[in-house]
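Breakdown of the fold
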Amino acid sequence: MEIKPFCALRFNREVVGDPGTCISPPYDVIDEVSQQELYKANPYNIIRADKGIIYPDDCPSHNVYTRAADFLRQAISDKALVYEPEEALYGYVQDFHIGRTSFQRSGIIALGRLQAFGQGIRPHEKTLEGPKADRLKLTRATAVQLGQIFMLYEDPEKTAERIIRQAMKNDSALDYTDTQQVRHRLYVICQPDQTKAFVRAIASKQGIIADGHHRYETALNYWAETGNPEAQWQMMTFVNMHNEGLVIQPTHRLIVGLSDFSVRHLLKNISSDFDVQKFSFVDKAQKTQAQILMLDQMKLSSAEDKTSFGLYAADGAFYVLTLRSSQAMTNQAPQMSPTGRRLDVNVLHLLILEKYLQISEAKLAAQAHIRYINDLGQAVEKSVEQVDDGSGQAVFFVNPTRMSQVRDAAEAGEKMPQKSTFFYPKIFSGLTMHDMQAEPKETRNSKPMKQECTK
């Protein structure tokens, strides 16, 4: 991969106050409630550009995209957004907890040269046309990259980790703890020996997109459409697959709105392909224990390299469904590679959702009859509650996709289904921005941003 440092647009503490109050999760995980909260967090919060409010009277000349462009122009005019005075890389450190376990994930933000898939960059998930159309309209209006492509690469030598540890000896440019208690820190890395070391270290690496598939494809389309040389460079956060804080959480599937759904009939039908373990309960205490037993059995099966799913359908039991033979997937998807047929999400989608519940790939893409539940906090318990109260008919629990599976699928040239991986925490938007129409750096800021650079 070819990368380079850049003069990022960043929030100016002297105008906005705490720049952490101006960043936001990526657009595709923001609901209306969190959108309103981010609007209130700071008048300059990047949400106004990345996912602004849509109004009933929007028209071609005044809409969410034109308002995004107006917001960025005004923020630059107000000196709320200013350009880094010198080209730099940026160390991004996130501290977080999953249960009682603490993690620290780190990566380096740089510009990466866009490449067609298969030429040094590989996707691992399928994309949808709607989000790509939305992101292209936003890019056309603003010509600014607001968020990151989360890019994986493999470096056992951990070059980036050494550079970031050195950067962390200096003051951070941003230090903010979000509402999920994830701490985000940003460090400016502008020492030539440090930037050159990372550029060299990653030059021979292959990149796998962990998150941001829609943004990457949008960037390719925008570059092809405009021919703008700066548009060939996309802002990316590069995270080493050997980074100890790199974890993947599962995304469970809540089934809704199916006519004539019967868990009894489903269990009877799938018994030809799956072994079924039942964990019954008659009261609340037993229900909690049955849920724990289901999750423990799923983990055990995963450790034994078996494909298993949990199931709850409000019939007095939790179930573990374990694939009996790989031949069932060979029969169902003969065109798919052995790597693809071993993926848990493919087994769930093809052998259960499509084969027995008639939820086709097109319906999955349209999110018909399915809701995706990211495994955070009390997600399992809340999904069970939705089945109990009738807002869902059943929930399928999945084990997390392993990093080796992501790598193998990408190398095989196959894309996983949507929501196969949930890399937690998300890479936030607004930490740095890449202005593809920027003026020469000598005229950008009347008052340069204070440099927080590694020594």
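Residues numbered from 1 in each chain as written. Predicted model: local features only at pLDDT ≥ 70, side-chain atom pairs only at ≥ 80, totals over all residues. Heavy atoms only, no water.

1. Examining unusual backbone geometry
P425 follows Y424 through a cis peptide bond whose omega is -5°. Position of P425 relative to the elements: it lies in the loop between β20 (422–424) and β21 (434–435). We note that A314 has phi near 60°; this positive angle belongs to a residue other than glycine. Looking at the secondary structure, you find A314 in the loop between β16 (308–312) and β17 (317–323). Judged by its relative accessible area of 39%, A314 falls in the partly exposed class. Of note, the phi angle at Q358 is positive, near 55°, even though the residue is not glycine. Examined against the element boundaries, Q358 turns out to sit in the loop between α13 (344–354) and α14 (361–365). (Helix = DSSP H or I, 4+ residues; strand = E, 2+ residues; numbered from the N terminus. Buried < 20%, exposed > 50% of the residue type's maximum accessible area, 1.4 Å probe, protein only.)

2. Things to note about the side chain of T322
Its place among the elements puts T322 in strand β17. One polar contact links T322 to S308, side chain to side chain, over a distance of 2.7 Å. In this view, T322 contacts D273, F274, D275, Q277, S301, K306, T307 and S308; residues no more than four positions away in its chain are not counted. (Polar contact = N/O pair within 3.5 Å; in protein donor to acceptor, adjacent residues only side chain to side chain. Contact = heavy atoms within 4.5 Å.)

3. Side note on the pattern of salt bridges
Under the counting rule described, the total for this entry stands at 20 salt bridges. Residue D388 is joined to K287 by a salt bridge in which the shortest nitrogen-to-oxygen separation is 2.5 Å. Residue D388 is found in helix α15 (residues 379–388), and its partner K287 is found in helix α10 (residues 284–303); the two are separated by 101 residues along the sequence. The salt bridge partner of K306 is E304, with a shortest N-O separation of 3.3 Å. Look at E304 and you get partly exposed, because its relative accessible area is 44%. The network of salt bridges with shared partners includes D50, D134 and R135. (Salt bridge = Lys/Arg side-chain N within 4 Å of Asp/Glu carboxyl O.)

4. Concerning the state of the cysteines
If you walk through the whole model with that rule in mind, you get zero disulfides. Its sulfur unpaired, C7 is 10 Å from the next cysteine sulfur, which belongs to C190. A residue is classified by how much of its surface remains accessible, and C7, at 13% relative accessible area, is buried. (Disulfide = S-S within 2.5 Å.)

5. Quick notes on helix α9 (residues 263–270)
Of the residues making up α9, those classed as buried are V263, L266, L267 and I270. End-on view of α9: buried residues confined to an arc of 95°, all on one side of the axis. Exposed positions of α9 whose direction lies more than 90 degrees from the buried face are R264 and K268. Check the buried side of α9 and you find it contacts β15 (274–280), β16, β17, α13 and β19 (394–398). (Arc of directions from axis to C-beta.)

6. Topic: the side chain of S106
Within the fold, S106 resides in strand β5 (residues 101–113). Residue S106 is classed as buried on the basis of its relative accessible area, which comes to 10%. A polar contact is formed between the side chain of S106 and the side chain of N243, at a distance of 3.0 Å. If sequence neighbours within four positions are ignored, S106 has contacts with Y92, V93, E161, I164, V239 and N243.

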